[in-house]
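Secondary and tertiary structure notes
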Amino acid sequence: MKKNTNIALLLLLLNIIFVSPAMSHQAYTDTGLIKPGASLKLVAKQFAFTEGASADKYGNVLFTDQPNNKIWKYDTNGELTVFMENTLRSNGTYFDGKGNLISCADERNQLVSISPSKKITVLVKDYNGHILNGPNDCWVNQ
């Protein structure tokens, strides 16, 4: 349970940092998410709008830069790379039990699965004949 809690806190912190870079170090420390005395490190700032941070089973964190239509990977060694381009404007993400990245893809208002080999499979394209209305966040019940 401790590992899951640590990953959840890391994801929350990454969402705060990527979305709100102007927040001060003290403000982050005051949340209790950063150990007193620890320092923040700016990893990159070329993103337009980040969203959907999710950790894989190895601890790598993937997140979307939705307007730029990319999914980025921040690995456990601290290396930042583009995981995938042309992601159907992926937004919120979550890993399923098979290692697929489930993504809310608002380019066509769909829920998709992205395999580790980057194959996209549409999971949901409509509900009772109606398209989804801007899917944003998802959670997988495993």
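Above this text sits the structure in question.
Here's what I pulled together on the structure shown here. The residue numbering used here restarts from 1 in each chain and proceeds along that chain's sequence as written. At least 70 in pLDDT is required for a residue's local features to be given in this predicted model, at least 80 for side-chain atom pairs to be given and counted, and no such filter applies to totals for whole chains, interfaces and linings, which use all residues. Side-chain calculation: all heavy atoms of the structure are included, whereas hydrogens and water are not.

**Regarding the sheet that holds strand S5 (residues 90-95)**
Here we have four strands laid out as an open sheet, ordered S5-S6-S7-S8, and antiparallel in their pairing. Edge positions in the sheet fall to S5 and strand S8 (120-124), since each has one partner strand and no second. Each adjacent strand pair in this sheet contributes to an overall mean axis angle of 30°, direction not counted. Strand pairing is assigned whenever DSSP identifies at least 2 bridges connecting the two strands. Secondary structure elements are taken from DSSP: a helix is a run of H or I of four residues or more, a strand is a run of E of two residues or more, and numbering for both begins at the N terminus. Where S5 lies against strand S6 (residues 101-105), four bridges are found, and the strand directions are antiparallel. By the bridge assignment, tyrosine 94 is partnered in S6 with isoleucine 102. Axis lines are fitted through C-alpha atoms, for helices just across the contact stretch, and the angle between N-to-C directions can take any value from 0 to 180 degrees.

**Some details on the side chain of asparagine 100**
Position of asparagine 100 relative to the elements: it lies in the loop between S5 and S6. When a residue's accessible area, from a 1.4 Å probe over protein chains only, is under 20% of the maximum for its type it is buried; when over 50% it is exposed; and in between it is partly exposed. Relative accessible area serves as the criterion here: at 15%, asparagine 100 is assigned to the buried category. If we skip the residues at most four places from it in the chain, asparagine 100 touches Tyr94, Phe95, Ser113, Ile114, Ser115 and Pro116. By the convention used here, residues are in contact when the closest approach between their heavy atoms is within 4.5 Å.

**As for unusual backbone geometry**
Negative phi characterises most residues that are not glycine, and trans characterises most peptide bonds. With a phi angle near 60°, asparagine 69 is a residue other than glycine that sits in the positive phi range. Inspection of the secondary structure puts asparagine 69 in the loop between strand S2 (61-65) and strand S3 (70-74). The residue asparagine 128 is not glycine, and still its phi comes out positive at about 50°. Here asparagine 128 shows up in the segment after S8. Among the residues examined, asparagine 128 registers a relative accessible area of 61% and is labelled exposed.

**As for the nonpolar core**
Throughout, nonpolar core names a set of buried Ala, Val, Leu, Ile, Met, Phe, Trp, Tyr and Cys residues whose side chains join them through atoms within 4.5 Å. By size, the foremost hydrophobic cluster in this structure holds ten residues: Leu62, Ile71, Phe83, Met84, Leu88, Phe95, Leu101, Ala105, Val112 and Ile114. Put simply, the parts of the chain that give this core at least two residues each are strand S4 (80-85), S6 and strand S7 (110-114). If we skip the residues at most four places from it in the chain, leucine 101 touches Ser54, Leu62, Ile71, Thr93, Tyr94, Phe95, Val112, Ser113 and Ile114. Ala44, Ala53, Ala55 and Trp72 belong to the second largest nonpolar core, which has seven residues in total.

**Looking at the pairing of S5**
Look at any regular strand and the pattern is simple: side chains alternate between the two faces of the sheet. Of all six residues in S5, five are buried; the element is thus mostly enclosed. What sits between S5 and S6 in their antiparallel hairpin is a turn of five residues, with glycine 99 showing a positive phi close to 90°.

**What to know about the state of the cysteines**
The rule for a disulfide is simple: a pair of cysteine sulfur atoms within 2.5 Å. Counted by the stated rule, this structure contains zero disulfides. Just so you know, cysteine 104 is unpaired, no disulfide at all, and the nearest cysteine sulfur is the one on cysteine 138, 4.2 Å from it. Judged by relative accessible area, which is 2%, cysteine 104 ranks as buried.

**Regarding the packing of aromatic side chains**
Classification of ring pairs uses Phe, Tyr and Trp, with its six-membered ring standing for Trp, and accepts pairs whose centres are within 6.5 Å; under 30 degrees between planes counts as stacked, over 60 as edge-to-face, and the remaining range as tilted. Applying the stated criterion across every chain yields a total of three aromatic pairs. Between phenylalanine 47 and tryptophan 72, the ring centres sit 5.3 Å apart and the planes meet at 80°, which makes this aromatic pair edge-to-face. Here phenylalanine 47, found in the loop between helix H2 (25-30) and strand S1 (50-55), pairs with tryptophan 72, found in strand S3; they are 25 residues apart in sequence, far enough to count as distant. In this structure tryptophan 72 comes out as buried when scored by relative accessible area, which is 9%. Of the aromatic side chains, those joined through ring pairs into one cluster are Phe47, Phe63 and Trp72. In this structure, lysine 118 is placed above the aromatic ring of phenylalanine 83, and the distance from its NZ or CZ to the ring centre is 4.6 Å. Sitting over a ring, as applied to charges here, requires NZ of Lys or CZ of Arg to be within 6 Å of the ring centre and within 35 degrees of the ring normal.

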